[in-house]
Amino acid sequence: MSSASSPASIAPEVVCIGESMGLVTALGAPLAETETAALGLAGAEGNVAVGLVSAGHRAAWASRLGDDPIGVRISTELARRGVDLWVTTDADAPTGVMFKDPGTESSSVYYYRRGSAASLMAPGFLDAPQLAGVRIVHTTGITPALSPSCRAMVDQLFVDARTAGALVSFDVNDRRALWTMQDAAETLTRLADAADIAFVGRDEAERVWGTATAVEIRAHLPNCGLLIVKDGDVGATAFLGDDEPVFVPAPRVEIVEPVGAGDAFAAGFLAATLDGAELAERLSAGHTAAARVLTTHGDLPPLP
């Protein structure tokens, strides 16, 4: 048994589809030792929706949540941040949870999301009529990794988004713990290459595809309309058709914790895209948004 909130009559500019989870972050000591933790939320697509709203655009987050306090926490927080909710509540499946050991170089995360409400998304969860008037449909490589039905849903989503006249935005966002290297390599190649806008980290591309440079990544994804290769604190390179690639260096920031910066970059870039900015300005907007998140412990920047 489930219930769903209906999409509003006025379409948002962007719809972001994927799982958000409860996030338990250890404070003051590693998870195995701490007696104190913070409860928040985490989820790449929800993060992007929040970033778009903070940049002055209307964005919706579409997903499934369990009928439980963690689901209420997620929907309440996203709504508080101005995100439209296109959410189905499932009385029989839980909201996923993740635990995090923070670190300045990298954070260790532990997932408890198998069988979650979001993992039960399937083709038809969103269709072309629901997406009418939407300018960009955004998802990530996390969503097809959740389950076979989610993978089929993402494939159908690409078709329905285009039928509705929207651009398809895809962030590779490989999560090693969720699937095999072979499944990841094949599925992420297919989806990123089919996207109108694709984001990928140079390091994750090397791990999954063996492509060591931005140029090699472009050769691996020749059909992607606009490919953005992020290279950490070095900068980001954009490949648009046969044009010369555009590179913008990353600003120097004091990193508190790196998780969430990639989602913020995507949000900043997509917001500038909606604003009609030039390609270099869009990359700069992505860097600026990422820098804000790099200086906090959460995936989301604090509300003003």
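Chemist: Account for the side chain of Thr273, with residues named and values stated.
Modeler: Relative to the elements of secondary structure, Thr273 occurs in helix H8 (residues 261–274). By relative accessible area, Thr273 is classed as buried at 17%.

Chemist: Hey, could you go over the sheet that holds strand E7 (residues 97–101) for me, with residue numbers and the actual values?
Modeler: With mixed pairing, the four strands of this open sheet are ordered in space as E4-E3-E7-E8. Among the strands making up the open sheet, the edge pair consists of strand E4 (37–42) and strand E8 (108–112). In this sheet, adjacent strand axes meet at a mean angle of 25 degrees when their direction is disregarded. Bridging between strand E3 (residues 21–26) and E4 involves six bridges; their strand directions are antiparallel.

Chemist: Give a description of the environment of Arg114 that names residues and reports values.
Modeler: Considering the arrangement of structural elements, one finds Arg114 in the loop between E8 and strand E9 (136–140). With relative accessibility at 86%, the residue Arg114 sits in the exposed group. Counting along the chain gives 64 residues from Arg114 to Leu178, while the straight-line C-alpha distance between them is 9.2 Å.

Chemist: Please set out unusual backbone geometry residue by residue, giving values where relevant.
Modeler: The phi angle at Asn173 is positive, at roughly 45 degrees, despite the residue not being glycine. Locating Asn173 in the fold gives a position in the loop between strand E10 (167–171) and helix H5 (181–194). Residue classification places Asn173 among the buried positions, given a relative accessible area of 9%.

Chemist: Talk me through the nonpolar core; I want residue IDs and the actual numbers.
Modeler: Judged by nonpolar contacts, the single largest core of 45 residues is most densely connected at Val15, Ile17, Leu126, Trp209 and Leu227. Residue contributions to this core peak at six residues, all from helix H4 (residues 148–163). Dropping the residues within four chain positions of it, Leu227 is found in contact with Ala198, Val200, Ile217, Arg218, Leu221, Thr237, Ala238 and Phe239. The next biggest cluster of nonpolar side chains, apart from the first, holds 34 residues, and it includes Ile74, Val248, Leu279 and Leu283.

Chemist: Residue-level account of the packing of aromatic side chains, with values.
Modeler: Taken as a whole, this structure holds five aromatic pairs when the rule is applied. Ring centres 6.4 Å apart and planes at 80 degrees place the aromatic pair Phe199 and Phe265 in the edge-to-face group. Of this pair, Phe199 sits in strand E11 (residues 197–201) while Phe265 sits in helix H8, placing them 66 residues apart in sequence. A relative accessible area of 0% means that Phe199 is categorised as buried.

Chemist: Break down the environment of Arg151 for me, with residues and values.
Modeler: Its place among the elements puts Arg151 in helix H4. For Arg151, a relative accessible area of 23% gives the class partly exposed. Distance in space between the C-alpha atoms of Arg151 and Gly235 is 31 Å, their sequence separation being 84 residues. Beyond its immediate stretch of four places on either side in the chain, Arg151 contacts Pro144, Trp179, Asp183, Thr187 and Arg190.

About the criteria used
Residues numbered from 1 in each chain as written. Predicted model: local features only at pLDDT ≥ 70, side-chain atom pairs only at ≥ 80, totals over all residues. Heavy atoms only, no water. Helix = DSSP H or I, 4+ residues; strand = E, 2+ residues; numbered from the N terminus. Buried < 20%, exposed > 50% of the residue type's maximum accessible area, 1.4 Å probe, protein only. Pairing = 2+ DSSP bridges. Axes fitted to C-alpha atoms, helices over the stretch in contact; angles between N-to-C directions. Core = buried A, V, L, I, M, F, W, Y, C linked by side-chain atoms within 4.5 Å. Contact = heavy atoms within 4.5 Å. Phe/Tyr/Trp six-rings, centres within 6.5 Å; stacked < 30°, edge-to-face > 60°.

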